[in-house]
Amino acid sequence: MVEVENLNKIYTVGSKQEKVLDGITFHIQKGELVLLRGVSGSGKTTLLSILAGMEKPSSGKVLIDSEPISKLPDIHLSHFRAKKIGMVFQHFNLIENLTLLDNVLVPLVANRVGLKEAKEMALAALKNARIEHKKDAYPNRLSGGEKQRGAIARAIVAKPSLLLCDEPTANLDSKNSQSFIEQLMQMHKEGQTIVVATHDPIFETLECEHRIIDIKNGKIV
Ligand SMILES: Nc1ncnc2c1ncn2[C@@H]1O[C@H](COP(=O)(O)OP(=O)(O)O)[C@@H](O)[C@H]1O
Ligand SMILES: [Mg+2]
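Predicted, not measured: the structure shown is a model, and the values here were computed from it.

> In this structure, what is going on with the environment of Lys116? I would like to understand it.
Among the structural elements, Lys116 can be located in helix 4 (residues 115–128). When its relative accessible area of 68% is taken as the criterion, Lys116 is described as exposed.

What follows is the structure, given as structure tokens:
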């Protein structure tokens, strides 16, 4: 599902070059649940952004579902992303002037699903994330846990091949974090391929099969 070979990312800030990802290589099989662990600044978000096709690597190979995403031209990339990738961001990134239902419809519009079918799919995703009852609410009327569930619904609505979660519990209290973990286990059970970047100790007690990739200073350790 995911093949990363000798991936490097260098940021140039002023005259200084910083190697943020340094020779990263790993593979992820379909249906795997992978925890990408590392302290703040270790390169987790950069790596997820490259897997999502939102950032280009400086060098190296990234295949998602056998597609070399780092080589796709932008016009194909956005389509590929809409079809294949679901992302849950640390700060949820819901669109404030859209209701939750409309937020969840966005990826389907990008996938050119007809409106009637799109609405059914969006409602099903909201139900699955146990937030259907807030479908008409705007994000600023939702609690952190509710926003998180809305963000999950949006990430999975188009049935992505790969679900990426960036510090998904960083802004949640322990009850909502636990509820996120239960949803994660449910999605894993349903066969979803998932990568979660986190340094939250709550994942240490994860009660389902998973693999840990530790990252430190841009290198896998
Ligand atoms: N756009 C950018 N320009 C320059 N440096 C960046 C940029 N994005 C991230 N970095 C740097 O890359 C390193 C890794 O950041 P990041 O991937 O966000 O780590 P993490 O998500 O593990 O906290 C940090 O030192 C950060 O300052
Ligand atoms: Mg980060």
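> When you look at the sheet that holds strand 8 (residues 193–198) in this model, what are you seeing that I'm missing?
Adjacent strands of a sheet form backbone hydrogen bonds with each other and so pair up, either parallel or antiparallel. Read from one edge to the other, the open sheet built from six strands follows the order 6-7-8-3-9-10, with strand pairing classed as mixed. Edge positions in the sheet fall to strand 6 (85–88) and strand 10 (219–220), since each has one partner strand and no second. With four bridges joining them, strand 6 and strand 7 (residues 162–166) adopt parallel strand pairing. Each residue of the ladder has a partner; that of Met87, found in strand 7, is Leu164. Strand contacts of helix 2 (residues 74–84): strand 6 and strand 7, with the helix running at about 75 degrees to strand 6, the strand carrying the most contacts. Across the sheet, helix 6 (residues 174–189) touches strand 3 (33–37), strand 7 and strand 8, and the angle it forms with strand 8 is around 150 degrees.

> I would appreciate a short explanation of the site of ligand 1 in the present structure.
Taken together, the residues surrounding ligand 1 are Tyr11, Val13, Glu18, Val20, Val39, Ser40, Gly41, Ser42, Gly43, Lys44, Thr45 and Thr46. Separating an oxygen atom of ligand 1 from a side-chain N or O atom of Glu18 is a distance of 3.3 Å. Between ligand 1 and Thr45 there is a distance of 2.8 Å, counted from an oxygen atom to a side-chain nitrogen or oxygen. Burial of ligand 1 by the protein amounts to 64% of the accessible area it has alone, namely 560 Å². With three residues, helix 1 (residues 44–51) is the largest single contributor of residues to the shell around ligand 1. Along the lines of polarity and charge, the residues of the shell around ligand 1 split into four nonpolar, six polar and two charged.

> In this structure, what is going on with the nonpolar core? I would like to understand it.
Most often, soluble globular proteins have nonpolar side chains that are buried together. Leu163, Phe180, Leu184, Ile194, Val196 and Phe203 are the most contacted members of the largest nonpolar core, which has 38 residues in total. Secondary structure elements with two or more residues in this core: strand 3, helix 3 (100–110), helix 4, helix 5 (144–156), strand 7, helix 6 and strand 8. Those residues within four positions of Phe203 in sequence are excluded, and the remaining contacts are Leu35, Pro168, Thr169, Phe180, Ile181, Leu184, Val196 and Thr198. Grouped together as the second largest cluster of nonpolar side chains are 30 residues, Val20, Leu48, Leu162 and Leu164 included.

> Please clarify how helix 6 should be interpreted in this entry.
Structural remark: α-helix, 3.6 residues per turn; residues separated by three or four positions point the same way. End to end, helix 6 covers 22 Å across 16 residues, agreeing with the expected 22 Å (1.5 Å per residue, within 8%). Every buried residue of helix 6 is accounted for by Asn176, Ser177, Ser179, Phe180, Ile181, Gln183, Leu184, Met187 and His188. At its buried positions, helix 6 is contacted by strand 3, helix 4, helix 5, strand 7 and strand 8. Backbone geometry just after helix 6 places Gly191 at a positive phi near 95 degrees.

What counts, and where the lines are drawn
- Residues numbered from 1 in each chain as written.
- Chains lettered and ligands numbered in written order.
- Predicted model: local features only at pLDDT ≥ 70, side-chain atom pairs only at ≥ 80, totals over all residues.
- Heavy atoms only, no water.
- Helix = DSSP H or I, 4+ residues; strand = E, 2+ residues; numbered from the N terminus.
- Buried < 20%, exposed > 50% of the residue type's maximum accessible area, 1.4 Å probe, protein only.
- Pairing = 2+ DSSP bridges.
- Contact = heavy atoms within 4.5 Å.
- Axes fitted to C-alpha atoms, helices over the stretch in contact; angles between N-to-C directions.
- Near = heavy atom within 4 Å.
- Polar contact = N/O pair within 3.5 Å; in protein donor to acceptor, adjacent residues only side chain to side chain.
- Areas by Shrake-Rupley, 256 points an atom, 1.4 Å probe, with all protein chains shown as cover.
- Nonpolar A, V, L, I, M, F, W, Y, C, P; charged D, E, K, R; others polar.
- Core = buried A, V, L, I, M, F, W, Y, C linked by side-chain atoms within 4.5 Å.
- Expected span 1.5 Å × (residues − 1).

In short, the description is geometric, and any link to function would need to be established separately.
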